[in-house]
Amino acid sequence: MCKAVSVIAWLIVALLGGFAYIMIALARGEPLNAIWILTAALCTYAIGYRFYSKWIAAKVLTLNDQRATPCEVHEDGRDFVKTNKWIVFGHHFAAISGPGPLVGPVLAAQFGYLPGALWLLIGVVLGGAVQDLIILFCSMRRDGKSLGEMVKEEINAAGGIIALTAIGCILIILVAVLGLVVVKALAHSPWGAFTVGATIPIALFMGCYLRYWRAGRVLEVTVIGVVLLLFAVWGGKFVHENTALSGLLTLNSTSLAWCIIVYGLAASILPVWLLLAPRDYLSTFMKLGTIAALALGIFVVMPSLQLPALTRFVDGSGPVFAGSVFPFVFITIACGAISGFHSLISSGTTPKMITRESYTRPVGYGSMLLESFVAIMALIAACTLQPGIYFAMNSPAAIVGGTPDAAASVITGWGFPVTSADLTAMARSIGEDSVLGRAGGAPTLAVGMAVIFSKVIGGPTLMSLWYHFAIMFEALFILTTVDAGTRVGRFLLQAFLSHLWKPLGNLRSYGANVFASMLFVSAWGYFLYQGVIDPLGGINSLWPLFGIANQLLSVVALCLATTVLIKMQKKRFVWITLLPAAWLITVTFTAGLQKIFHSNPKIGFLSQARALSEKLAANAVPADQIETARQIITNMNLNAGVAGIFLFLVGAIILTSAWRWFELWTERSPLDLKETPPIWLPESVLAGEKIPILGKMSALILIGFGLLRQLSGEAKLERAEKAHICRAHPPCPGSKGRLWAELEDQRFKNPRCC
């Protein structure tokens, strides 16, 4: 009876999802209600998780709960900690859900809602979630080793070195492009600049509060911090309305870029507890709360999508970024479908916390589905805007002009009617002087969120507050990724420099830290500055580079996964990783080669440099723009070189992996799987984990509270404090604050996601 009910239920889910896809496919010439995309997404996720992930877990990976996980074997209360699976799920989702799934879909909306939505749904079920699940499984079977270590052991040493080099190079582009997104969001916006700037003293206050006054009380101080952030959003309105303060905080793109560079340097050098850790806690809780609010708002409002399913820009002539729908939609949506950076998280702290192998399915596969849903919501929020306003915000002034009249004329000519009055009214409603040229995706998403939130609470009168709340929310966790990425990049650079001169690798040396920080910040700061002075807005060149780099890292992870499956004697199942890898190789190498060699100057780096050189030779560049033109020529040649390096590094790993597969397949090399020897748990341990039905509700409440304590670090501090007391004398005054600071410093040595 139960089986029959289950079959009927899943048949209904499949039919409902199929009907939603039909409604999406047949919608032409009229707005599509968001309910159909949401229904298609939820049904796709449910079927993918229930059937595909379960089949992989049972038949391919053969997960076994009797096999002890790393935290069962090595529990130390610090790095290896037995943690409830749903707490691990929340921790893992918070770590992987960076700015990428919010920004990428907004930019890809220039093709229409259909290409991005299909890639987000198909890509995550068959690619992204599979990658995260298998890499997490591989790391668990190897005592929580990192991606680079596993590549080195399972493929060869050269592959491991190449992977680590690629990760370091990719981090530079990641931090630069995220910094550029913040610049585009805050340029000429005194309200936004004040609100985001206020997060720094708020974080400093929280750091001192946690270090000296109420050591480790993260939940307590986070409540205070959130209240202060809301006051900062409200106070920004008065700054905007005050002529003197508004003029002081109206910063151009170049000034903001320098501010972010100085901030990144300071965040890398200052103690973690003072700035980075409190900002991270604020970012985490604001991120989870705002995403939940956006989901609720979309379900309540059920907005209609104003952008068409496909726009005229699928041919590659788009103003947001140049390039046709293939391959650029697949690298623009860099995180919502599949993300190479997730492989760093799946081989970081998460495998050291899971207590049973079967939990890798909800944590690895399930959390990636949830991130894809976040990306779907971002796509919906962007597509609810009037198309003319969307393109006015995301198109550079070099294409649409710098005035509302000029932009309205150009955009209307594209077939998206908009008037200068529409643009002025939108700017006034969100408390800004203009909406033109706000590329990068973040401002567009903020407007979409403000429209949705204002329909639930406040109406048009609160649009400006909702918009700047959304800008603050986005900038907060983007900047957290910037400073955390800078710190991780500094660690990688110091590890490399230690081979040249050992003292440079000393993480406790202030001089070595400053030197390595300045080198790394200079690297990403250069790319950030070139994006700022780029007449096409910077996003056109830097975001594709970031997308290419991110997807190439996924290729590395999938090559490792394929190698492990062959060694596990699962040759007939290698298609589950080979097919996504083959698709990503096709997409990223096509995009990379086009960005280097395409004859269209809007797409190809070298052709753009060549076109500018010809203009300089013909004296066709105004005298006041000659130096800028020369700088852009240098930048385009450098971008081409960087893209070429990415392709070369990953190409080397692909060739190395292919040769390794050939050796293993033909039995020229032994199937030397580098798993740690299994330790088996007694049946009594597993039997004692079942929770009575009456206790499930109370258990759910406790898990929710436990998740908050895990995300805040309070649980880890409590464990470390107990271990500290057991090892030493009773704690002296201030020791709890020092212990918290040490734990935070250790936490930020792990990679963060985009």
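Before reading on, note that the structure itself is shown above.
These remarks concern the structure in this document. Values in this document were obtained by computation on a predicted structure and should not be read as measured data.

**Digging into the packing of helix H2 (residues 34–60) against helix H6 (residues 113–140)**
For any two helices packed against each other, one specifies the inter-axial angle together with the distance between the axes.
And step 1. As a packed pair, H2 and H6 sit with axes 11 Å apart at the nearest point and diverge in direction by 20 degrees. Regarding the angle of H2 to H6, the classification is roughly parallel. The handedness of the crossing between H2 and H6 comes out as right-handed. Note on element contacts: H6 touches H2 through Tyr113, Leu121, Val124, Val125, Leu126, Val130 and Leu133, opposite Ile37, Ala40, Ala41, Thr44, Tyr45, Gly48, Tyr52 and Ile56.
And step 2. Split into classes, the residues belonging to the contact of H2 with H6 amount to 13 nonpolar, 2 polar and no charged.

**Things to note about the packing of helix H24 (residues 539–567) against helix H25 (residues 575–597)**
And step 1. At their nearest, the axes of H24 and H25 sit 9 Å apart, and the two run at 150 degrees to each other. Taken together, the axes of H24 and H25 lie roughly antiparallel to each other. Handedness of the crossing formed by H24 with H25: left-handed. Contact with H24, carried on its side by Asn540, Ser541, Pro544, Ile548, Gln551, Leu552, Ser554, Val555, Leu558, Ala561, Thr562 and Leu565, involves Ile576, Thr577, Leu578, Pro580, Ala581, Leu584, Ile585, Thr588, Phe589, Ala591, Gly592 and Lys595 of H25 and no other residues of that element.
And step 2. A class-by-class count of the residues in the contact of H24 with H25 yields 15 nonpolar, 8 polar and 1 charged.

**Overview of the nonpolar core**
And step 1. One finds Tyr113 and Trp524 to be the most contacted residues of the largest nonpolar core, which totals 203 residues.
And step 2. Leave out the neighbours within four places in its chain, and tryptophan 524 touches Ile172, Val175, Ala176, Ile260, Ile261, Gly264, Val482 and Thr486.
And step 3. Ile202, Val221, Leu229 and Leu276 belong to the second-largest nonpolar core, a separate cluster that totals 18 residues.

**Things to note about the pattern of salt bridges**
And step 1. Applying the stated rule across the entire model yields 15 salt bridges.
And step 2. Across the pair lysine 567 and glutamate 154 runs a salt bridge whose closest N-O atoms are separated by 2.8 Å. Within this pair, whereas lysine 567 is found in helix H24, its partner glutamate 154 is found in helix H7 (residues 147–154), the two being separated by 413 residues in sequence.
And step 3. Lysine 567 sits in the buried class, given a relative accessible area of 3%.
And step 4. Two residues, glutamate 663 and arginine 660, come together in a salt bridge whose shortest N-O distance is 3.8 Å. With glutamate 663 and arginine 660 both in helix H27 (residues 626–665) and 3 residues apart, this pair spans about one turn of that helix.
And step 5. Assessed through its relative accessible area of 21%, glutamate 663 is described here as partly exposed.
And step 6. Each of the salt bridges in this network shares a partner with another, and the network as a whole consists of Arg142, Glu154, Lys567, Arg660, Glu663, Asp672 and Lys674.

Rules used throughout
- Residues numbered from 1 in each chain as written.
- Predicted model: local features only at pLDDT ≥ 70, side-chain atom pairs only at ≥ 80, totals over all residues.
- Heavy atoms only, no water.
- Axes fitted to C-alpha atoms, helices over the stretch in contact; angles between N-to-C directions.
- Helix = DSSP H or I, 4+ residues; strand = E, 2+ residues; numbered from the N terminus.
- Parallel < 35°, antiparallel > 145°, perpendicular 65-115°, else oblique.
- Left-handed = near helix turned anticlockwise from the far one by under 90°.
- Contact = heavy atoms within 4.5 Å.
- Nonpolar A, V, L, I, M, F, W, Y, C, P; charged D, E, K, R; others polar.
- Core = buried A, V, L, I, M, F, W, Y, C linked by side-chain atoms within 4.5 Å.
- Buried < 20%, exposed > 50% of the residue type's maximum accessible area, 1.4 Å probe, protein only.
- Salt bridge = Lys/Arg side-chain N within 4 Å of Asp/Glu carboxyl O.

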